[in-house]
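Topology and contacts: notes
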Amino acid sequence: MYARNFRSLGSSLLTHVQKTSGHRFSSITRIGVEDPRMSKVVVHNGTVYLSGLVDATLPDVEGQTKVVLAQVDDLLTEAGTSKSNLLTASIWLKDIDRDFKAFNSVWCDWVDPENKPVRATVQSPMATPRILVEIQVTAATVE
């Protein structure tokens with residue numbers, strides 16, 4: 001927030017604030033900014049943050065999960081990392097009793113077994129009735 005506000009006033013003020021306050025502002029990269037509400041990816045301080053990803057084109061949780069995980073792979077690649085560098089995963093299922101086992105089957109086939117992230121899975125109403133799963137991950141960048 002500070003960096004954005006000070007940049008609008010000019011780089012000399014930003015440099016002055018950094019020198020006098022001791023704060024250093026690192027760069028922030030945003031990918032997939034076409035949506036007026038959010039970025040699909042934000043990269044900051046060696047961490048890649050993906051927005052929640054969904055698919056409403058397929059009627060079952062297995063199909064939707066495969067599509068969403070392919071989106072995750074593509075966005076992580078675009079950000080310069082991969083699923084092997086995942087740190088966290090948050091999963092929302094529309095009906096956890098019905099879909100947890102099927103979701104886990106697809107997830108376990110996809111996740112890097114040597115580099116599993118921490119994970120939380122909960123049941124939640126979705127933005128539209130057709131969405132059965134939403135996945136949000138964070139990952140480290142490749143050093």
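In the block above lies the structure referred to throughout.
The structure contained in this document is the topic of the report that follows. (Residues numbered from 1 in each chain as written. Predicted model: local features only at pLDDT ≥ 70, side-chain atom pairs only at ≥ 80, totals over all residues. Heavy atoms only, no water.)

**Some words on the overall build of the chain**
Stated precisely, the cut-off is as follows: Segments assigned H or I by DSSP are reported as helices when at least four residues long, segments assigned E as strands when at least two residues long, and all are numbered from the N terminus. Exposure categories follow from relative accessible area, calculated using a 1.4 Å probe and restricted to protein chains: below 20% of the type maximum is buried, above 50% is exposed, and the middle band is partly exposed. The contact criterion used throughout is that any non-hydrogen atoms of two residues lie within 4.5 Å. All accessibility values rest on the Shrake-Rupley procedure with a 1.4 Å probe; residue burial counts only the protein chains present in the view.
Secondary structure assignment for the chain yields four helices and seven strands. Start at the N end of the chain and walk to the C end: the helices and strands fall as α-α-β-β-β-β-α-β-α-β-β. Looking at the chain residue by residue over its 143 residues, the buried ones come to 36%. By sequence separation, contacts in the chain at least 24 residues apart represent 66% of the contacts at least 6 residues apart. Total accessible area on the chain stands at roughly 8800 Å², and carbon and sulfur atoms take up 54% of it.

**Some points on the pattern of salt bridges**
The criterion, for reference: For this analysis, a salt bridge means a side-chain nitrogen from Lys or Arg found within 4 Å of a carboxyl oxygen belonging to Asp or Glu.
Under the definition given, this model contains two salt bridges. Here Asp35 ties to Arg37 by a salt bridge, and the two come within 2.6 Å at their closest N and O atoms. Its relative accessible area of 68% is what places Arg37 among the exposed residues. Across the salt bridge formed by Asp99 and Arg98, the nearest N and O atoms sit 2.9 Å from each other. Residue Arg98 is classed as partly exposed on the basis of its relative accessible area of 48%.

**Describing the nonpolar core**
Selection rule: Residues enter a nonpolar core if they are buried and are Ala, Val, Leu, Ile, Met, Phe, Trp, Tyr or Cys, with the set joined through side-chain atoms within 4.5 Å.
One finds Val41, Val48, Leu50, Ile91, Trp107 and Ile135 to be the most contacted residues of the largest nonpolar core, which totals 28 residues. Taken together, the elements giving at least two residues each to this core come down to β2 (41-44), β3 (47-50), α3 (61-78), β5 (86-93), α4 (96-110) and β7 (133-140). The leading source of residues in this core is α3, at six residues. Non-local contacts of Val41, meaning those with residues more than four positions away in its chain, are made with Thr29, Arg30, Ile31, Val48, Tyr49, Leu50, Leu75 and Ala79.

**Points about unusual backbone geometry**
As a rule of thumb, non-glycine residues mostly have phi less than zero, and peptide bonds are mostly trans rather than cis. Of note in this structure, Asn45 is not a glycine but carries a positive phi near 50°. Within the secondary structure, Asn45 sits in the loop between β2 and β3. On the accessibility criterion, Asn45 (59% relative accessible area) is exposed.

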